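Notes for the structure review
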Amino acid sequence: MSNGKFGIHGGQYIPETLMNAVNELEKAYNKYKNDPEFNAELTTLLNEYAGRPSLLYYAEKMTKDLGGAKIYLKREDLNHTGSHKINNVLGQVLLAKKMGKTRVIAETGAGQHGVATATAAALFGMECEVFMGEEDTKRQALNVYRMKLLGAKVHPVSSGTATLKDAVSETMREWTSRIDDTHYVLGSVMGPHPFPTIVRDFQAVISKEIKQQCLEKEGKLPDAVLACVGGGSNAMGAFYHFIENKGVRLIGCEAAGKGINTFETAATVSVGKLGIFHGMKSYFCQDEYGQIAPVYSISAGLDYPGVGPEHAHLHDIGRAEYVPVTDDEAVTAFEYLSRVEGIIPAIESSHAVAHAIKLAPTMDKEQIMVINISGRGDKDVAAIARYRGENITE
Amino acid sequence: MKVADAFKNRKAFISFITCGDPDLETTEELLLTMEQGGVDLIELGIPFSDPTAEGPVIQGASLRALSNGVTTDKVFDMVRRVRPKLNIPLVFMTYANVVFSYGIERFVSTCAEVGMNGIILPDVPFEEREEFSAVCDRFNIDFIPLIAPTSDDRISMIAKNAKGFVYCVSSLGVTGTRDSITTDIGEMVNTVRENTDVPAAVGFGISTPQQAADIAKVSDGIIIGSAIVRLIAKYGRSCAKYVYDYVVSIRSALDELK
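Being a predicted model, the structure only gives us computed values, none of them experimental.

**Some words on the overall build of chain A**
Within chain A one finds 16 helices and 14 strands. In terms of C-alpha radius of gyration, chain A reaches 19 Å, essentially the compact-globule figure of 21 Å for 394 residues. Seen along its three principal axes, the alpha-carbon backbone of chain A occupies a region of about 55 × 45 × 40 Å. Split into buried and exposed, the 394 residues of chain A put 65% on the buried side. Sequence separation of 24 or more characterises 73% of the internal contacts of chain A that already satisfy a separation of 6 or more.

Put into C-alpha cells, the structure is as follows:
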C-alpha cells in the first residue's frame, strides 16, 4: 500500500483499528477506478441523476460591471442536492456498494455533504447516519430536517466546539466501533490516505468539464480559476486538471472570519502551521502546544481548522495561491451575485466571488476567469438576513 | 528503569490518568497513590484538544485539564518533581500533534531528561511510526505500538518491531468501560507471542476485578484508564483514597491468579 503523501503532507495518522479498513478501501478503489463498468455506472449516475455536466455560464453583467476579465461561473450549484458534494458522494457510495457495505456514515458542516450522502443512501437503499456539530444543527436546521426526510439519522455532536471538526472526530470514532458493514463517506479532500486522493478524483470532473467547456466557448484555457477552500474538495476538483497548465492561476479563497489578525478566523494556510490531525499531516490552526484552535467563519462549510494535504502541497510549491476572505466580504459578494446575475451562491462559494470582485478589475479584458460556484445559497438566506439585522427564521 | 520492569515479577497492572485533571498537584498525588496500591506502570495522558481515540470519559478529562491551563511544559515540570519519588516505569500517552508541534526531538529528549520510559501515540500506526520511533530509539524511550481486533495480518509486522510492550486493544471503538469484551484475547495475545518476546498488555473496556483477572489470565498485563478517570471526575481533588481502594481491588484480583 502507498502512504499517500503530497510532498511532506498527507499520510495515514489514524488508530490501528482503522488501518485495515483504509487499506481495504484503497485496494477496492484501485480495482474500480479504471474499471470501465464502474465508470460507466458512475457517469450515468452523474449525468442522469445529478444533472451533469454542470453549466459554464458567461456572467456578462458581472463582467461589464467589474470592467476587467471575462468572468465565467461554473454552476455546481445546479447539481442535484444543490452543491458539488454529490459528485464525490455518488462515487464513494457506489464504491461502498461494490465493497459490500450496507451502511454509510458521514460528517457534515453546513449540511450539504450530509444531505448529499443521505440522498445517495436513499437511492442505493443503504442505511445512513450523519454526524453534525450541535452548533451547526442550529445554524442549518433546514438541512437537518432534509436529511431526516431522506431517511438518515442525524447525530448532533456536542463535544469540543460542536462544529465541523468535532463532527469529523465523532464520525471517525463511530467508524472504529463498526467497520464490517460500514463505509465512512468522507466529504472533503482530507483525512487519511486514500481519502484525499479518492475525493479529489471524484471531484476532478469539475475541472475536466471547465477545461472542455472553456475550450469550446473561448478556444483557450482560462487565465485564473477561483474556488473557496475549507477542507478543499470543490477547489481541488476545480484545480486538478489545470495543475499541469502552468499558465492557469489557481486561487483558493479561505474563510478569514472576522479577519486573519483576530482569533475568529478559519484561514488555515494564512495563519496555520504544519501539524498532524484527522489522519493527515497538513496545515492546521493550532496553539504553540499543538492544541487545535477553535476556528470561526460565518460559513459552516468552511469552519474547519485544517486544509487538505494536496492544497498544502500546492501552496508549498507555489502552484496555487491561497487568499483570506472575511465574513463581511463574503456577505457582500453573496448579495452582489444575487443582484447582478440573479444567482444566489452558497455563503461558502461567496468567498470565491468576493475575491473575484477584487481580482477581475486588475485583469485584461481578453483574460478569462472561472469562479466555481460550489453550491446554492438558499440554505444561507435566513442566516444572511440575520447578519444584516433582519429578524427572520427559517 | 525500563518499561519491561513492569512485567518482571507478576501480571502487570497498567493504569492511565490524564495529567492536570483536576489539577497537576492531584496528578502528582495520584501517581504516588497508585504505585502504593500496586500499579506496575503508569500511562500519563498529556491532554489534547481533539482526542479521536477516546470515549466521553477521557475526552472530559482532557477538556478539564486544558481548561485548567495544563500545557506540555507544565506536565514535564510535574514529572521532573515527582519522578525521584517513584520506582515504577512511566510512559506518556498522547496524540501525534502534541509531540510534533513541540518538536519530536525536543519532546523525546525532554522525556529522557525527566525520566520517562516510553511513549504511546494512538494516532500513529505502524506505517507512520518511523518519524517518531527513530528519535525514541536514540534516547532509549520505548515507542509502544498498538494492535486492534481488526489488525489480523498486521499483527506479526507490528509485534516484530515492538519495544516496551504491545498494547492490545481489546475491542472495536474508543476507550471506555464495557460490560463485556467479545474479542478472543487469548488468540490475539498468542499471535503476538509467536512474533516477539515483548510482553502483551490488554486495554480498552476493562473496569471490574473479574474482567481484569479474566484478561490477565491470557495476557501479560492489563490496562485500566476510564474506570479510574471516572473516579477522578466524581471526587475531584479528594479522589486519591477512592482511586487507591479501586487500584487495590484490581491488584488483589490479579495476585489471586498466581
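On we go from here.
**A short note on the overall build of chain B**
The helix and strand inventory of chain B stands at 11 helices and nine strands. Scaling as 2.2 N^0.38, a compact globule of 258 residues should have a C-alpha radius of gyration of about 18 Å, and chain B matches this with 17 Å. Considering only C-alpha atoms, chain B reaches an extent of 45 × 40 × 30 Å along its principal axes. With 258 residues in all, chain B has 65% of them scored as buried. Of the contacts made within chain B by residues no fewer than 6 positions apart, 75% connect residues no fewer than 24 positions apart. When the accessible surface of chain B is summed, it comes to about 9400 Å², and 49% of that surface belongs to carbon and sulfur atoms.

**Re the pairing of strand β6 (residues 127-133) of chain A**
All names here are of chain A. Within β6, six of the seven residues are buried, leaving the element largely enclosed by the surrounding structure. Where strand β5 (residues 103-108) meets β6, six bridges bridge the pair, whose relative direction is parallel. Within the sheet, the bridge partner assigned to T108 lies in β6 and is M132. Each parallel crossover has a hand, and for β5 linked through helix α5 (residues 112-124) to β6 it is right-handed.

**Remarks on the packing of aromatic side chains**
Going through the model one piece at a time under the given rule, you end up with 19 aromatic pairs over all chains. Residues A:W175 and A:F195 carry aromatic rings whose centres are separated by 6.1 Å and whose planes lie at 65° to one another, so their mutual orientation is edge-to-face. A residue pair is termed long-range when its members are at least 10 positions apart, and A:W175 in helix α8 (residues 164-177) and A:F195 in helix α9 (residues 195-203) qualify at 20 residues. The class of A:F195 is buried, set by a relative accessible area of 1%. When the centroid spacing of 5.6 Å and the interplanar angle of 75° are considered together, the rings of B:F76 and B:F92 count as edge-to-face. Of this pair, B:F76 sits in helix α3 (residues 72-82) while B:F92 sits in strand β3 (residues 90-93); the two residues are 16 residues apart in sequence, bridging distant segments of the chain. For the pair shown, B:F76 and B:F92 are each scored as buried. Here a set of aromatic residues connected by ring pairs shows up, and it is made of A:F277, A:F284, B:F48 and B:Y95. Over the ring of A:Y296 we find A:K258, and its NZ or CZ is 5.2 Å from the ring centre.

**Describing helix α6 (residues 130-138) of chain B**
What α6(B) keeps buried is the set B:F132, B:S133, B:V135 and B:C136. Angularly, the buried residues of α6(B) cover 165° about the axis, an arc narrow enough to put them on a single face. In this structure, the buried residues of α6(B) make contact with β2 (9-13) and β11 (273-277) of chain A together with α4 (96-102), α5 (104-114), β4 (118-120) and β5 (142-143) of chain B. Just beyond α6(B), the residue with positive phi is B:N140, at close to 55°.

**Some remarks on unusual backbone geometry**
The residue after A:R52, namely A:P53, is reached through a cis peptide bond having omega -5°. Backbone torsion omega between B:D21 and B:P22 reads 0°, so that peptide bond is classified as cis. With respect to the helices, strands and loops of the structure, B:P22 is situated in the loop between β1 (12-18) and α1 (24-37).

**A look at the sheet that holds β6(A)**
Residue and element names in this part refer to chain A. A sheet is described by the order of its strands in space; here four strands give the open sequence β7-β6-β5-β8, paired in parallel fashion. If you trace the sheet from one side to the other, it starts and ends with β7 (153-157) and β8 (182-184), each paired once. Within this sheet the neighbouring strands show an average axis-to-axis angle of 20°, counted without direction. Where β6 lies against β7, five bridges are found, and the strand directions are parallel. From the neighbouring strand, V130 faces β7, where its bridge partner is V154. Relative to the sheet, α8 contacts β5, β6, β7 and β8, its axis offset from that of β5 by approximately 160°.

**Describing the interface of chain A and chain B**
Each partner contributes to the interface: chain A provides 35 residues, whereas chain B provides 40 residues. Between chain A and chain B lies a buried interface of about 2900 Å² when both sides are counted; carbon and sulfur atoms form 51% of it. Together, A:E16, A:R173 and A:Y289 form the three largest contributors to the area buried by chain A at its contact with chain B, with a combined 26%. Linking chain A to chain B there are four salt bridges. One salt bridge in this structure joins A:K165 and B:D50, with 2.5 Å as the shortest N-O distance. Here chain A is connected to chain B by 23 residue pairs in polar contact (both at pLDDT 80 or more). Counting residues per element, the ones that place at least two in the side of chain A that touches chain B are β2, α1 (16-32), α8 and β11 of chain A. In terms of residue class, the side of chain A that touches chain B is made up of 11 nonpolar, 15 polar and nine charged.

**Quick notes on the nonpolar core**
Formed by 138 residues in total, the largest nonpolar core has its most connected members in B:L44, B:F92, B:F107, B:F132 and B:I222. Of the residues that make up this core, three or more belong to each of domain 1 (5-46 + 85-199) and domain 2 (51-82 + 204-387) of chain A. In this structure, B:F132 is in contact with A:Y13, A:I276, B:A96, B:V99, B:F100, B:I104, B:L121, B:V124 and B:F143, ignoring residues within four places of it in sequence.

**Observations regarding the packing of helix α9 (residues 209-217) of chain B against helix α11 (residues 240-255) of chain B**
All names here are of chain B. Between α9 and α11, the shortest axis-to-axis distance is 8 Å and the interhelical angle comes to 35°. By crossing handedness, the relation of α9 to α11 is classed as right-handed. Only S249, I250, A253 and L254 of α11 make contact with α9, whose side of the interface consists of P209, A212, A213 and A216. Here the residues of the contact of α9 with α11 sort into seven nonpolar, one polar and no charged.

**Regarding the side chain of A:E254**
Residues and elements named next belong to chain A. Here E254 is to be found in strand β10 (residues 249-257). Of the side chains with opposite charge, K358 lies nearest to the buried E254, which makes no salt bridge, at 12 Å. A polar contact of 3.2 Å, which involves the side chain of E254, links it to the backbone nitrogen of T268.

Rules behind the numbers
- Residues numbered from 1 in each chain as written.
- Chains lettered and ligands numbered in written order.
- Predicted model: local features only at pLDDT ≥ 70, side-chain atom pairs only at ≥ 80, totals over all residues.
- Heavy atoms only, no water.
- Helix = DSSP H or I, 4+ residues; strand = E, 2+ residues; numbered from the N terminus.
- Rg over C-alpha atoms; globule rule 2.2 N^0.38 Å.
- Buried < 20%, exposed > 50% of the residue type's maximum accessible area, 1.4 Å probe, protein only.
- Contact = heavy atoms within 4.5 Å.
- Areas by Shrake-Rupley, 256 points an atom, 1.4 Å probe, with all protein chains shown as cover.
- Pairing = 2+ DSSP bridges.
- Right-handed = clockwise from strand over helix to strand, strands pointing away.
- Phe/Tyr/Trp six-rings, centres within 6.5 Å; stacked < 30°, edge-to-face > 60°.
- Lys NZ or Arg CZ within 6 Å of the ring centre and 35° of its normal.
- Arc of directions from axis to C-beta.
- Axes fitted to C-alpha atoms, helices over the stretch in contact; angles between N-to-C directions.
- Buried area = accessible area lost by both parts, 1.4 Å probe.
- Salt bridge = Lys/Arg side-chain N within 4 Å of Asp/Glu carboxyl O.
- Polar contact = N/O pair within 3.5 Å; in protein donor to acceptor, adjacent residues only side chain to side chain.
- Nonpolar A, V, L, I, M, F, W, Y, C, P; charged D, E, K, R; others polar.
- Core = buried A, V, L, I, M, F, W, Y, C linked by side-chain atoms within 4.5 Å.
- Domains from an automatic or database assignment.
- Left-handed = near helix turned anticlockwise from the far one by under 90°.
- Lys, Arg positive; Asp, Glu negative; His and termini not counted.

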